[in-house]
Amino acid sequence: MSYKFIGNVILSGLIECMTGLHIGATEEAYQIGGMDNPVIKDPLSGYPYIPGSSLKGKLRTIMEWAKDRINTGERNPGAIHECQERNCPVCRIFGTGADNSDKRKTGPTRLLVRDSFPTEKTIKKFETLKEQKGVPVEIKTEVNINRITSKPLSGPRSLERIPKGAEFNFEMIYSVYDINDKGTVDVENLKDLITVLKLMEESALGGGGSRGAGRIKFKLYKEIAIKKVEDYEKPFTQGEKTDPIDLQSIKVEDIVKTIKSTLDMN
């Protein structure tokens, strides 16, 4: 079986927090009176960000459920799905582990999800919060309540959350390969990826999703970059981007037609 790289499709835009968002981090050392449930922050700026691993992991989980690929057997129930099917959309898009590389029939991982960092507008909001409260996030307090007496079962627990309205720049690189199929399977699988992004908006990212946290919204730049190898061999000029549009209004068929035309697949 031969593998040939055809090109990259670059999806970019904004992630907007529709509710508070908590993607946890562990402190290197605990301090008396310190926060025991902080959000992950960029060590250089001190501002929260969304790790690509968290976003990609959640997207993979959603696709496994959507494609009925959840492992429910007696051996490793709930484990990450990995199979030897050549056209499995989960394995083609999200990849398989190094331990299974000798059995891999789907080729390289197609989807690369970069870390998402706050926009300049959001950074200003973080700075305001830091001036007011000492931290660039909101502090949410939760209490366990006895179901009969309504009395607290334990003391209040505080956790950090990225506040509602915060926006982060995101970028995903989707690679198209020809595995004796001229790349058509990868391009068609992009429809599944867009569907999963839409499903993500009805799910939750990070912790506390069942308690109201983690609802996000994708806004995609309409000008999707599509690059072949020769495009990387010459200077690239970034055109002016228009305002991003809601993901739900994206016509996936139009994107597929544009990709096939640009990558000479028609």
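Colleague: Where do I start with the overall build of the protein in this structure?
Modeller: Across its full length, the protein carries five helices and nine strands. N-terminal to C-terminal, the α/β element order of the protein is β-α-α-β-β-α-β-β-β-α-β-β-β-α. By principal-axis analysis of the C-alpha atoms, the protein measures approximately 65 × 50 × 35 Å. Every one of the 266 residues in the protein was classed for burial, and the buried ones make up 42%. In the protein, of all internal contacts separated by at least 6 residues, the share reaching a separation of at least 24 is 71%. Surface summary for the protein: the accessible area is close to 15,200 Å², and the carbon and sulfur share equals 48%. A gap of 3 Å separates the mean positions of the 41 positive and 38 negative side-chain charges of the protein.

Colleague: What is the right way to look at the side chain of Asn8 in this model?
Modeller: Summarising the element assignment, Asn8 is placed in strand 1 (residues 4-17). The exposure class assigned to Asn8 is buried, which follows from its relative accessible area of 11%. For Asn8, the side chain forms a polar contact with the side chain of Tyr232, separated by 3.1 Å. Excluding residues within four positions of it along the chain, Asn8 makes contact with Ile173, Tyr174, Ser175, Ala225, Ile226, Lys227 and Tyr232.

Colleague: Any chance you could explain the state of the cysteines here in plain terms?
Modeller: Note: disulfide means a covalent bond formed between the sulfur atoms of two cysteine side chains. For the structure shown, the criterion picks out zero disulfides. Summary of cysteine pairing: Cys88 is not part of a disulfide, and the nearest cysteine sulfur, belonging to Cys83, is at 3.7 Å.

Colleague: I keep staring at the packing of aromatic side chains and nothing clicks. Help me out?
Modeller: For any pair of aromatic rings, geometry is given as the distance between the ring centres together with the angle between the planes. Scanning the entire structure with this criterion turns up four aromatic pairs. Considering the side-chain rings of Phe5 and Tyr177, the 5.5 Å spacing of their centres and the 65° angle between planes classify their relative orientation as edge-to-face. Highlighted residues: Phe5 in strand 1 and Tyr177 in strand 6 (residues 167-178), separated in sequence by 172 residues. Here Tyr49 and Phe117 contribute two aromatic rings whose centre-to-centre distance is 5.3 Å and whose plane-to-plane angle is 20°, an arrangement assigned as stacked. Separated by 68 residues along the polypeptide, Tyr49 in the loop between strand 1 and helix 1 (52-66) and Phe117 in strand 3 (residues 117-118) bring together distant segments of the chain.

Colleague: What is the right way to look at the packing of helix 1 against helix 4 (residues 184-201) in this model?
Modeller: Packed helix pairs are specified by the crossing angle of their axes together with the interaxial distance, meaning the distance between the axes. At their nearest, the axes of helix 1 and helix 4 sit 9 Å apart, and the two run at 105° to each other. Judged on the interaxial angle alone, helix 4 and helix 1 are roughly perpendicular. Of the residues in helix 4, those touching helix 1 at Lys58, Leu59, Ile62, Met63 and Ala66 are Asp192, Leu193, Val196, Leu197, Leu199 and Met200. Residues belonging to the contact of helix 1 with helix 4 are distributed by class as follows: nine nonpolar, no polar and two charged.

Colleague: Just to check I follow, could you spell out the packing of helix 4 against helix 5 (residues 252-262) for this structure?
Modeller: Contact pair helix 4 / helix 5: the axes reach a minimum separation of 10 Å and the direction vectors enclose 150°. What the angle tells us is that helix 4 and helix 5 run roughly antiparallel. The element helix 4 and its partner helix 5 pack so that their crossing is right-handed. Contacts from Val187, Glu188, Leu190, Lys191 and Ile194 of helix 4 reach helix 5 at Val252, Glu253, Ile255, Val256, Ile259 and Lys260. Broken down by class, the residue content of the contact of helix 4 with helix 5 amounts to seven nonpolar, no polar and four charged.

Colleague: Which parts of the structure should I look at to understand the environment of Ile80?
Modeller: By secondary structure assignment, the location of Ile80 is in the loop between helix 1 and helix 2 (89-94). In the structure, Ile80 is positioned 140 residues away from Leu220 in sequence and 28 Å away in space, judged by C-alpha atoms. Sequence-distant contacts of Ile80, defined by excluding residues within four places in its chain, comprise Arg60 and Glu64.

Colleague: Help me out: how do you make sense of helix 1 in this one?
Modeller: Given 3.6 residues to a turn, an α-helix orients residues that are three or four positions apart in the same direction. Taking 1.5 Å of rise per residue, 15 residues should cover 21 Å, and helix 1 covers 21 Å from first to last C-alpha, within 8% of that figure. Buried residues of helix 1: Gly52, Leu55, Leu59, Arg60, Ile62, Met63 and Glu64, and no others. Turning to helix 1, the residues buried within the fold contact strand 1, helix 2, strand 2 (111-113), strand 6, helix 4 and strand 7 (216-220).

Colleague: Mind showing me how you'd approach unusual backbone geometry here?
Modeller: Leaving glycine out, the prevailing phi sign among residues is negative, and the prevailing peptide bond configuration is trans. Residue Asp68 is not a glycine yet carries a positive backbone phi of 55°. Looking at the secondary structure, you find Asp68 in the loop between helix 1 and helix 2. Judged by relative accessible area, Asp68 falls into the exposed class, the value being 69%. In this model, Asp264 sits at a positive phi of 55°, which is unusual for a non-glycine residue. With respect to the helices and strands, the residue Asp264 is situated in the segment after helix 5.

Colleague: Help me understand the side chain of His81 in this model?
Modeller: Relative to the elements of secondary structure, His81 occurs in the loop between helix 1 and helix 2. A distance of 3.4 Å separates a polar atom in the side chain of His81 from the backbone oxygen of Arg69. Residues in contact with His81, not counting those within four places in the same chain, are Arg60, Glu64, Arg69, Cys88, Val90 and Cys91.

Criteria and cut-off values
- Residues numbered from 1 in each chain as written.
- Predicted model: local features only at pLDDT ≥ 70, side-chain atom pairs only at ≥ 80, totals over all residues.
- Heavy atoms only, no water.
- Helix = DSSP H or I, 4+ residues; strand = E, 2+ residues; numbered from the N terminus.
- Buried < 20%, exposed > 50% of the residue type's maximum accessible area, 1.4 Å probe, protein only.
- Contact = heavy atoms within 4.5 Å.
- Areas by Shrake-Rupley, 256 points an atom, 1.4 Å probe, with all protein chains shown as cover.
- Lys, Arg positive; Asp, Glu negative; His and termini not counted.
- Charge placed at Lys NZ, Arg CZ, Asp CG, Glu CD.
- Polar contact = N/O pair within 3.5 Å; in protein donor to acceptor, adjacent residues only side chain to side chain.
- Disulfide = S-S within 2.5 Å.
- Phe/Tyr/Trp six-rings, centres within 6.5 Å; stacked < 30°, edge-to-face > 60°.
- Axes fitted to C-alpha atoms, helices over the stretch in contact; angles between N-to-C directions.
- Parallel < 35°, antiparallel > 145°, perpendicular 65-115°, else oblique.
- Nonpolar A, V, L, I, M, F, W, Y, C, P; charged D, E, K, R; others polar.
- Left-handed = near helix turned anticlockwise from the far one by under 90°.
- Expected span 1.5 Å × (residues − 1).

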